[in-house]
Amino acid sequence: MNYLPSREEIERLRQRYPAGTQIRLNHMDDPFAPVPPGTVGEVTMVDDGGNIHMRWQNGRSLSLIEEADDFTVIAKPEGSAGA
């Protein structure tokens, strides 16, 4: 993918997935070494390319991409918008 999100899109991602957001993975679009479906993790940050950096409960740290991967937000950190 050669698409780079705009600053506004990155800011929306950061607001939607603040650090500490708990996510359950439904499916990861990675044919070589995906995180298994059902794995729960915590957002550590959203980078300037729109990748959602994760700390998975199984020790992995593979990032999510909102348009490519299927996941569910299960909890937002205290004090965040939409919590």
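You'll find the structure just up there.
Analysis parameters
Residues numbered from 1 in each chain as written. Predicted model: local features only at pLDDT ≥ 70, side-chain atom pairs only at ≥ 80, totals over all residues. Heavy atoms only, no water. Helix = DSSP H or I, 4+ residues; strand = E, 2+ residues; numbered from the N terminus. Buried < 20%, exposed > 50% of the residue type's maximum accessible area, 1.4 Å probe, protein only. Contact = heavy atoms within 4.5 Å. Polar contact = N/O pair within 3.5 Å; in protein donor to acceptor, adjacent residues only side chain to side chain. Phe/Tyr/Trp six-rings, centres within 6.5 Å; stacked < 30°, edge-to-face > 60°.

Trainee: Could you clarify how one ought to interpret the environment of P34 in this entry?
Mentor: Within the secondary structure layout, P34 lies in the loop between β1 (22-27) and β2 (40-46). For P34, a relative accessible area of 36% translates into the label partly exposed. In sequence terms P34 and R60 are 26 residues apart; their C-alpha atoms lie 9.6 Å from each other. Discounting chain neighbours no more than four positions away, the residues touching P34 are M28, R60 and L62.

Trainee: Would you take a moment to explain the environment of E9 for this structure?
Mentor: You can see E9 is positioned in helix α1 (residues 7-16). Assessed through its relative accessible area of 26%, E9 is described here as partly exposed. Taking the C-alpha atoms as reference points, E9 and G50, 41 residues apart in sequence, are found 8.0 Å from one another. For E9, the side chain forms a polar contact with the main-chain nitrogen of S6, separated by 2.7 Å.

Trainee: Explain the packing of aromatic side chains to me, please; I cannot follow it from the model alone.
Mentor: Scanning all chains against the criterion turns up one aromatic pair. Geometrically, the ring pair formed by Y17 and F71 is edge-to-face, given 5.6 Å between the ring centres and 65° between the ring planes. With Y17 in the loop between α1 and β1 and F71 in strand β4 (residues 70-75), the pair connects residues that are 54 residues apart, well separated along the chain. Of the two residues, Y17 and F71, both sit in the buried class.

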